[in-house]
Amino acid sequence: MNHQAKLIFTSSLLLGSTITISSNHWIMAWTGLEINTLAILPLISKSHHPRAIEAATKYFLVQAAASALLLFSSMTNAWHTGQWDITQLTCPTSCVILTAAIAMKLGLAPFHFWFPEVMQGCSITTGLLLSTAMKFPPMTLLYMTSQSLNPSMLTTMALLSVALGGWMGLNQTQTRKILAFSSISHLGWMAVVIAYSPKLALLNFYLYVVMTAAVFLALNTIKTLNLSTLMTTWAKTPALSAMLMLTLLSLAGLPPLTGFLPKWLIIQELVNQEMAPTATIIALMSLLGLFFYLRLAYCATITLPPHTTNHMKQWYTNKPTNTSVAILMTLSIFLLPISPMLRTIV
């Protein structure tokens with residue numbers, strides 16, 4: 001794909017996201033989501049590999065179905081209330097359909113099945129876009145309609161997402177699939193709290209984007225697609241591998257790293273809402289995800305593989321680490337001390 005085409009598709013992604021985020025009318029929000037979907041499809045299928053074409057087809061079908069549901073939900077609400085304003089979602093049927101539509105857009109369980117398959121079929125950079133930028137417009141719609149949505153439905157979907165994200169990631173060996181299940185699990189944490197504290201859910205989303213971007217860019221730097229290759233990268237970039245280990249542990253939510261902050265605040269908010277059993281269940285289920293993060297961290301920093309691999313040992317490189325990777329990794333590890341300031345915001 002040439003640079004002009006990449007520029008057009010990237011500009012369309014920015015345009016679609018901006019239209020959705022800044023709109024108050026359902027039709028404009030839907031238009032922005034459609035522009036986003038059409039702009040990302042060529043980026044998914046650019047390698048012309050059968051798996052990439054399959055991933056693009058699956059992505060198109062799921063996103064088209066979700067967009068149709070979103071449009072149907074807004075039309076039903078307009079039929080009942082005469083309002084096309086996003087914040088005026090009052091019809092209960094529309095609320096349920098919209099929750100299902102946004103869950104499909106985001107990859108929230110039980111509408112998550114397409115996401116790992118699409119991630120596996122695209123490149124690491126496109127996977128980064130799918131895990132971060134493409135989730136921002138649906139998250140914005142969820143934020144704007146959070147007061148109208150059914151908390152019980154969101155809590156059920158959230159617990160299911162955290163459970164399935166942890167369980168299904170346990171036996172994976174492909175890094176992109178592991179990060180896809182990690183994304184599903186993190187979305188569960190956002191969904192469980194968005195009805196009670198939307199700002200806290202957005203804070204969680206921002207920190208998730210920072211940590212996930214750091215991991216994706218590090219994996220892109222060391223050109224790693226599976227765990228067996230990850231085991232041999234210690235000799236190539238020891239400093240980056242050590243930082244990758246800390247970033248993965250931060251993504252798992254271990255103190256005293258950045259990833260602990262949103263989990264801590266969400267559990268505190270759930271307890272304040274008299275939802276201590278839900279907080280206990282979601283915290284215990286996140287231990288499933290901790291296992292595969294620890295396995296990734298172990299593979300990233302191992303110096304002697306426990307079994308022979310088919311991959312050649314890589315030479316040490318003197319190339320400096322990309323500045324963006326360094327900044328994102330620093331933010332992913334050291335943001336916990338500013339939690340009092342963040343607490344005043346949310």
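Residues numbered from 1 in each chain as written. Predicted model: local features only at pLDDT ≥ 70, side-chain atom pairs only at ≥ 80, totals over all residues. Heavy atoms only, no water.

Keep this limit in mind: UniProt positions are given in the numbering used here, feature names are shortened, and annotations may be inferred rather than shown by experiment.
For the protein, an unreviewed UniProt entry supplies the name NADH-ubiquinone oxidoreductase chain 2 and the organism Gracupica nigricollis. Recorded under Function (unreviewed entry), the UniProt text for the protein is reproduced unchanged: "Core subunit of the mitochondrial membrane respiratory chain NADH dehydrogenase (Complex I) which catalyzes electron transfer from NADH through the respiratory chain, using ubiquinone as an electron acceptor. Essential for the catalytic activity and assembly of complex I." Looking at the protein in UniProt, the text filed under Catalytic activity (unreviewed entry) is "a ubiquinone + NADH + 5 H(+)(in) = a ubiquinol + NAD(+) + 4 H(+)(out)".

## Details of the packing of aromatic side chains
The relative placement of two aromatic rings is captured by the distance of their centres and the angle of their planes. What counts is decided by this rule: Working definition: a ring pair exists when centres of Phe, Tyr or Trp rings (six-membered ring for Trp) sit within 6.5 Å. Plane angles under 30 degrees give stacked, over 60 give edge-to-face, the rest tilted. By the criteria applied, helices consist of DSSP H or I runs no shorter than four residues and strands consist of E runs no shorter than two, each listed in order from the N terminus. Relative accessible area decides the class of each residue, using a 1.4 Å probe on protein chains only: under 20% of the type maximum gives buried, over 50% gives exposed, and in between gives partly exposed.
On inspection of all chains with the given rule, the structure shows eight aromatic pairs. Seen in terms of ring centroids, Phe205 and Tyr206 are 6.3 Å apart; in terms of plane orientation they differ by 55 degrees. Their pairing is tilted. Ring geometry for Phe260 versus Trp264: centroids 5.8 Å apart, planes at 10 degrees, classification stacked. Separated by four residues within a single helix, Phe260 and Trp264 lie in helix α13 (residues 260-272), roughly one turn from each other. With a relative accessible area of 25%, Phe260 lands in the partly exposed category.

## Quick word on unusual backbone geometry
Excluding glycine, residues mostly carry a negative phi; peptide bonds, for their part, are mostly trans. With omega at 5 degrees, the peptide bond leading from Ala109 into Pro110 counts as cis. Among the structural elements, Pro110 can be located in the loop between α4 (92-106) and α5 (114-121). The linkage connecting Pro255 with the following residue, Pro256, adopts the cis geometry, with an omega of 5 degrees. Its identity is not glycine, yet His48 carries a phi of approximately 60 degrees, on the positive side. Relative to the assigned elements, His48 resides in the loop between α2 (26-44) and α3 (50-81). By relative accessible area, which is 65% here, His48 ends up exposed. Here Lys223, not a glycine, exhibits a phi torsion of approximately 55 degrees, which is positive.

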